[in-house]
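Single-letter residue listing:
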Amino acid sequence: MSDLPEIEIFTDGACKGNPGVGGWGALLVSGVHRKEIYGGEAATTNNRMELMAVIAALQSLKGRSRVLLHADSQYVLKGITEWLPNWKKRGWRTSGNAPVKNVDLWQRLDALAGEHDVQWFWVKGHNGHPGNERADELANLGVAEHLNSINY
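Overview of the structure. (Residues numbered from 1 in each chain as written. Predicted model: local features only at pLDDT ≥ 70, side-chain atom pairs only at ≥ 80, totals over all residues. Heavy atoms only, no water.)

Some remarks on the pairing of strand β3 (residues 33–44)
- Alignment of strand β2 (residues 20–30) against β3, held across 10 bridges, turns out to be antiparallel. Residue valine 29 lies in a different strand from β3, and its bridge partner there is arginine 34.
- Counted along the chain from β2 to the antiparallel partner β3, the turn is two residues long, and its residue glycine 31 has a positive phi close to 60 degrees. (Pairing = 2+ DSSP bridges. Helix = DSSP H or I, 4+ residues; strand = E, 2+ residues; numbered from the N terminus.)

Shown next as structure tokens:
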């Protein structure tokens with residue numbers, strides 16, 4: 001049994017147009033404590049917002065933790081658990097020798113994930129899972145808040 005605090009995290013990204021205005025959201029739960037975070041960007045993609053949700057959640061942790069991270073993005077989960085080791089071996093290039101897309105975010109995520117004991121879980125999106133649904137709502141708040149800020 002680990003002495004590390006255990007934190008359950010649910011993340012999601014949203015994009016209105018792809019590319020377009022995007023948002024990310026994360027719900028962090030530890031015992032009776034809950035923290036909700038979200039943000040947005042003007043010109044981005046859904047994949048970047050999915051990555052930003054995980055990055056922002058891990059950045060918000062105050063110390064090394066045991067993290068149970070739930071995401072509905074196969075891109076994020078396969079990237080971090082399957083593709084990333086080979087990207088790094090190939091100098092951040094894909095198996096087809098193309099540059100890895102979103103390499104800036106993948107490198108940030110790789111560093112942050114290394115600071116914690118992270119277990120990665122896939123959850124089916126838009127399927128009624130309370131944590132995922134809240135993360136989706138937060139991501140959409142990020143979109144809405146960003147749209148409001150650029151419309152004034």
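Overview of the environment of valine 54
- Position of valine 54 among the secondary structure elements: in helix α1 (residues 46–59).
- For the pair formed by valine 54 and tryptophan 24, sequence separation is 30 residues and the distance between their alpha carbons is 8.7 Å.
- Not counting residues up to four positions away in its chain, the partners in contact with valine 54 are Thr11, Leu69, Val76, Leu109 and Trp120. (Contact = heavy atoms within 4.5 Å.)

Topic: helix α3 (residues 103–113)
- Among all positions in α3, only Leu105, Trp106, Leu109, Leu112 and Ala113 are buried. Buried residues of α3, viewed axially, fall in a sector of 130 degrees; they line one side. (Buried < 20%, exposed > 50% of the residue type's maximum accessible area, 1.4 Å probe, protein only. Arc of directions from axis to C-beta.)

Considerations on the pattern of salt bridges
- Summed over the entire model, instances satisfying the criterion amount to six salt bridges.
- Across the pair aspartate 110 and lysine 88 runs a salt bridge, and its minimum N-O distance is 2.9 Å. Linking aspartate 110 in helix α3 with lysine 88 in helix α2 (residues 74–89), this pair joins segments that are 22 residues apart in sequence.
- According to the relative accessible area criterion, aspartate 110 is partly exposed, its value standing at 22%.
- For lysine 88, a relative accessible area of 40% puts it in the partly exposed group.
- Taken together, the shared-partner salt bridges in this structure form one network comprising Arg34, Glu36, Arg134 and Glu137. (Salt bridge = Lys/Arg side-chain N within 4 Å of Asp/Glu carboxyl O.)

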